[in-house]
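If you want the building blocks of each chain, they are given just below.
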Amino acid sequence: MQSSENSQTTEANQTQTATPDSQEEIKIPGVTGDATTQTGGITNSLPDLEHLLKEAEIKAAEHHDAWIRAKAETENIRKRAQSDVTNAHKYAVENFSAELLTVMDSLDAALAVENATVENFKNGMELTQKQLISVFDKFNIKAIDPKGEKFDPHQHQAMCMVDSEQAPNTVVQVMQKGYKLHDRIIRPALVSVSKAKDS
């Protein structure tokens, strides 16, 4: 009696194990989480991957568009800067030229005078020179007239050495004035310089 009960229990257990409705989990090696497959239903993660891929493609397209725009803007800035530099070189003396026009007008007026005396010409030239000096001052152009000063090779160009009572390397005579713009020498002064005395 007991043995027949035992055999019925064993059969029931075997039947339970073999039922197709049971939900036994099967693990796929190397895959975790959502990719777990069950015998009763498969959890599929492909829609999530497709969604992530679409998002990544959209972001990549946005980044590409932003890069194209930034590249175009950089190119435009470079072209504008190049144009500004070209114009700066081309029209750098525009203001200076406009100021010089008054000097030219004075010279034209002086030459238009008929039967002018030498004195009148001299007075006209002095007034024109004053106008020119005024323009030079306005634009920081200074004359270099170093007579009696120590010779400076950065500002003066020695044309000859002469005997003189002055100390050696002193500018004795200025043959042509020099000029500088701010601190830059435009033209050195042409000078004669005193020699060292022979002992």
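In this text, all values refer to a predicted model and were calculated from it rather than measured experimentally. (Residues numbered from 1 in each chain as written. Predicted model: local features only at pLDDT ≥ 70, side-chain atom pairs only at ≥ 80, totals over all residues. Heavy atoms only, no water.)

Structural notes on the pairing of strand E6 (residues 178-181)
On a regular strand, each side chain points to the face opposite its neighbour's, so the side chains alternate between the two faces of the sheet.
At step 1: By the bridge criterion, four bridges tie strand E3 (residues 141-144) to E6 in an arrangement that is antiparallel. Note on E6: the bridge partner recorded for alanine 143 is tyrosine 179.
At step 2: Note that E6 and strand E7 (residues 184-187) share three bridges and pair antiparallel. Paired with lysine 180 across the strands is isoleucine 185, a residue of E7.
At step 3: Here E6 folds back onto E7 in antiparallel fashion, the turn holding two residues, of which histidine 182 has a positive phi close to 55°. (Pairing = 2+ DSSP bridges. Helix = DSSP H or I, 4+ residues; strand = E, 2+ residues; numbered from the N terminus.)

A closer look at a nonpolar patch on the surface
At step 1: On the surface, Leu46, Leu49 and Leu52 cluster together to form a nonpolar patch covering roughly 300 Å² of accessible area.
At step 2: Its place among the elements puts leucine 46 in helix H2 (residues 46-90).
At step 3: Judged by relative accessible area, leucine 46 falls into the partly exposed class, the value being 49%. (Patch = residues over 30% accessible without salt bridge, like charges linked within 9 Å, V, L, I, M, F, W, Y side chains within 5 Å. Areas by Shrake-Rupley, 256 points an atom, 1.4 Å probe, with all protein chains shown as cover. Salt bridge = Lys/Arg side-chain N within 4 Å of Asp/Glu carboxyl O. Buried < 20%, exposed > 50% of the residue type's maximum accessible area, 1.4 Å probe, protein only.)

A few points about the sheet that holds E3
At step 1: Strand order in the open sheet formed by three strands is E3-E6-E7, with antiparallel pairing between adjacent strands. Bordering the open sheet on either side are E3 and E7, each of which pairs with just one other strand. For this sheet, the mean inter-axis angle between neighbouring strands, taken without regard to orientation, is 35°. (Axes fitted to C-alpha atoms, helices over the stretch in contact; angles between N-to-C directions.)

Some words on the sheet that holds strand E8 (residues 189-194)
At step 1: Across the sheet, three strands lie side by side as E4-E8-E5; this open sheet has mixed pairing. The open sheet is flanked by strand E4 (156-162) and strand E5 (171-176), the only strands paired with a single partner. Neighbour-to-neighbour, the strand axes of the sheet open up by a mean angle of 30°, direction not taken into account.
At step 2: By the bridge criterion, six bridges tie E4 to E8 in an arrangement that is parallel. If you follow glutamine 157 over to E8, its bridge partner there is leucine 190.

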